[in-house]
Amino acid sequence: MLSTSSIQGSTTVELKKEKDCFSKCDLVATVAGDVGELTHQEEYAVFSTCYETFCN
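Residues numbered from 1 in each chain as written. Predicted model: local features only at pLDDT ≥ 70, side-chain atom pairs only at ≥ 80, totals over all residues. Heavy atoms only, no water.

Peer 1: Sorry, what's going on with a nonpolar patch on the surface here?
Peer 2: Nonpolar side chains collect at one region of the surface, where Leu27, Val31 and Val35 lie side by side and expose about 310 Å² of accessible area between them. Tracing the backbone through its elements, the reader meets Leu27 in helix H1 (residues 4-36). Classification of Leu27 as exposed rests on a relative accessible area of 55%. (Patch = residues over 30% accessible without salt bridge, like charges linked within 9 Å, V, L, I, M, F, W, Y side chains within 5 Å. Areas by Shrake-Rupley, 256 points an atom, 1.4 Å probe, with all protein chains shown as cover. Salt bridge = Lys/Arg side-chain N within 4 Å of Asp/Glu carboxyl O. Helix = DSSP H or I, 4+ residues; strand = E, 2+ residues; numbered from the N terminus. Buried < 20%, exposed > 50% of the residue type's maximum accessible area, 1.4 Å probe, protein only.)

Peer 1: Help me understand the state of the cysteines, please; the structure alone is not making it clear to me.
Peer 2: The bond known as a disulfide is covalent and runs between the sulfur atoms of two cysteines. Taken as a whole and judged by the stated rule, the model has 2 disulfides. A sulfur-sulfur separation of 2.0 Å characterises the disulfide bridge that pairs Cys21 with Cys55. The S-S bond linking Cys21 to Cys55 shows a torsion near -95°; that makes this disulfide left-handed. Placement of Cys21 in helix H1 and of Cys55 in the segment after helix H2 (40-54) is noted, with a sequence separation of 34 residues between them. The class for Cys21 is buried, based on a relative accessible area of 14%. Each sulfur of the disulfide joining Cys25 and Cys50 lies 2.0 Å from the other. Handedness of the Cys25-Cys50 disulfide follows from its S-S torsion of about -75°: it is left-handed. With Cys25 in helix H1 and Cys50 in helix H2, this pair connects stretches of sequence that are 25 residues apart. In terms of burial, Cys25 and Cys50 fall into one category: buried. Assigning the bonded cysteines of the chain consecutive numbers by sequence position, one obtains the connectivity 1-4, 2-3. (Disulfide = S-S within 2.5 Å.)

Printed below as a string of structure tokens:
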């Protein structure tokens, strides 16, 4: 059986990984929005696609 500390450790790593991925996709969407002069909805679509593709 896993100890509580090992479970918490892996959870923390997963959350950090997800947060890093979220930040990267947020940056990608922001840059794409600035460069391509996208609307907020288009920018969100870029973010969603990035997040679903790379973060899940």
